[in-house]
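Geometric and topological summary
Chain by chain, the residues:
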Amino acid sequence: MNVQIAPSWKKVLQSEFDKPYFTGIVDFLKAEKELKRTIYPSGPLIFNAFEQTPFENVKVVILGQDPYHGPGQAHGLAFSVNKGIALPPSLKNIFKELATDIGLPMPSHGNLTSWAKQGVLLLNATLTVRAAEANSHAKIGWMEFTDAVISKIAAVHSGVIFILWGGLHSKKSY
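Here is a short report on the structure shown in this document. (Residues numbered from 1 in each chain as written. Predicted model: local features only at pLDDT ≥ 70, side-chain atom pairs only at ≥ 80, totals over all residues. Heavy atoms only, no water.)

**A closer look at the overall build of the protein chain**
As a reminder, the rule being used: By the criteria applied, helices consist of DSSP H or I runs no shorter than four residues and strands consist of E runs no shorter than two, each listed in order from the N terminus. Burial classes follow relative accessibility: with a 1.4 Å probe on protein chains only, a residue under 20% of its type's maximum area counts as buried, one over 50% as exposed, and anything between as partly exposed. Here, two residues are considered to be in contact whenever any of their heavy atoms come within 4.5 Å of each other. To be clear on the numbers: accessible area is Shrake-Rupley with a 1.4 Å probe, and residue cover counts the displayed protein chains and nothing else. Only four residue types enter the tally: Lys and Arg on the positive side, Asp and Glu on the negative side; His and the chain ends are excluded. Think of each charge as sitting on NZ of Lys, CZ of Arg, CG of Asp or CD of Glu.
For the protein chain, the count of helices and strands is 6 helices and 5 strands. Moving toward the C terminus, one meets the helices and strands of the protein chain in the order α-α-β-α-β-α-α-β-β-α-β. Relative to its full complement of 174 residues, the protein chain shows a buried share of 47%. A fraction of 74% describes how many contacts in the protein chain between residues 6 or more apart in sequence connect residues 24 or more apart. Taken as a whole, the protein chain presents about 9100 Å² of accessible surface, with 55% of it coming from carbon and sulfur. Taken together, the 17 basic and 13 acidic charged side chains of the protein chain have centroids lying 3 Å from each other.

What follows is the structure, encoded as structure tokens:
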């Protein structure tokens, strides 16, 4: 896979990349590509959360279900969309809660890269999805990977805040 990922994450996650389940994920995504299926986010952005928020900077983890599955929406950060893309309902709800709870005005766009750069790991439990098919990659091994990510954060960082938004399918307890 042609992906971008911060060096600190490469070091922390190398053992996961070498495991059979991860090879299965890669093989599955290659098969999807061979079948000409559209996958979101695009290959180079699958690990964007790990590129934007290096391991040593993680202060908060916001965990969503899976990437947005509409054209132009997913860019590898949970709940985030690029500038110029209409706000999805889930992101509108997040912004409404922020306005209600702490008085933040409604932003003019839904790009949360600035959050990621401040230490908020915007992570989906499943890192890819087939176009127009929510949860289509939920059972290919991503949750084993993201469970490992969460465990590694919890083992090294103290005081990290974990926020789970949306419908998650993992029954693992942290």
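Past the structure itself, the notes keep going.
**What to know about helix H4 (residues 89-102)**
As a reminder of what qualifies: By this rule the span expected of a helix is its residue count minus one, scaled by 1.5 Å.
The terminal C-alpha atoms of H4, which comprises 14 residues, lie 20 Å apart, in line with the 20 Å expected from a rise of 1.5 Å per residue. Looking at the buried positions of H4, the neighbouring elements they touch are helix H5 (113-117). Positive backbone phi, at 75°, marks Gly-103, one or two positions downstream of H4.

**A look at unusual backbone geometry**
Residue Pro-41 is bonded to the preceding Tyr-40 through a cis peptide linkage, with omega at -15°. Structurally, Pro-41 can be placed in the loop between strand E1 (39-40) and helix H3 (48-52). Residues other than glycine seldom take positive phi values, yet Phe-79 does so here, at roughly 70°. Mapping Phe-79 onto the fold places it in the loop between strand E2 (60-64) and H4.

**Let's talk about the side chain of Ser-8**
We count it as follows: Any pair of nitrogen or oxygen atoms within 3.5 Å is treated as a polar contact; in protein, a donor-acceptor pairing is required on top of that, and neighbouring residues in sequence qualify only through side-chain atoms on both sides.
Looking at the secondary structure, you find Ser-8 in helix H1 (residues 7-17). A polar side-chain atom of Ser-8 sits 2.7 Å from a polar atom in the side chain of Glu-56. In this structure, Ser-8 is in contact with Pro-54, Phe-55 and Glu-56, ignoring residues within four places of it in sequence.

**Overview of the sheet that holds strand E3 (residues 120-124)**
This is how the line gets drawn: Here, a strand pair is defined by DSSP locating no fewer than two bridges between the strands. Angular values range over 0 to 180 degrees, each being the angle between N-to-C directions of two axes fitted as lines to C-alpha atoms, with helices fitted over their stretch in contact.
What the 3 strands build is an open sheet, ordered E3-E2-E5; its pairing is parallel. Single-partner strands in this sheet number two, and they are E3 and strand E5 (161-164). In this sheet, neighbouring strand axes are inclined to one another by 20° on average, regardless of whether the strands run parallel or antiparallel. As judged from the 5 bridges shared by E2 and E3, these two strands associate in the parallel manner. Within E3, the residue paired with Leu-63 across the bridge is Leu-123. This element, helix H6 (residues 142-156), spans E2, E3 and E5 of the sheet and lies at about 155° to E3.

**Digging into the nonpolar core**
Soluble, globular proteins show a tendency: their nonpolar side chains are buried together. Under the convention used in this document: What makes a nonpolar core is a set of buried Ala, Val, Leu, Ile, Met, Phe, Trp, Tyr and Cys residues whose side-chain atoms join them at distances within 4.5 Å.
Trp-9, Phe-50, Trp-142 and Phe-145 are the most contacted members of the largest nonpolar core, which totals 43 residues. Setting aside its immediate chain neighbours within four residues, Phe-145 contacts Leu-13, Glu-16, Phe-17, Tyr-21, Phe-22, Phe-47, Phe-50 and Leu-127.

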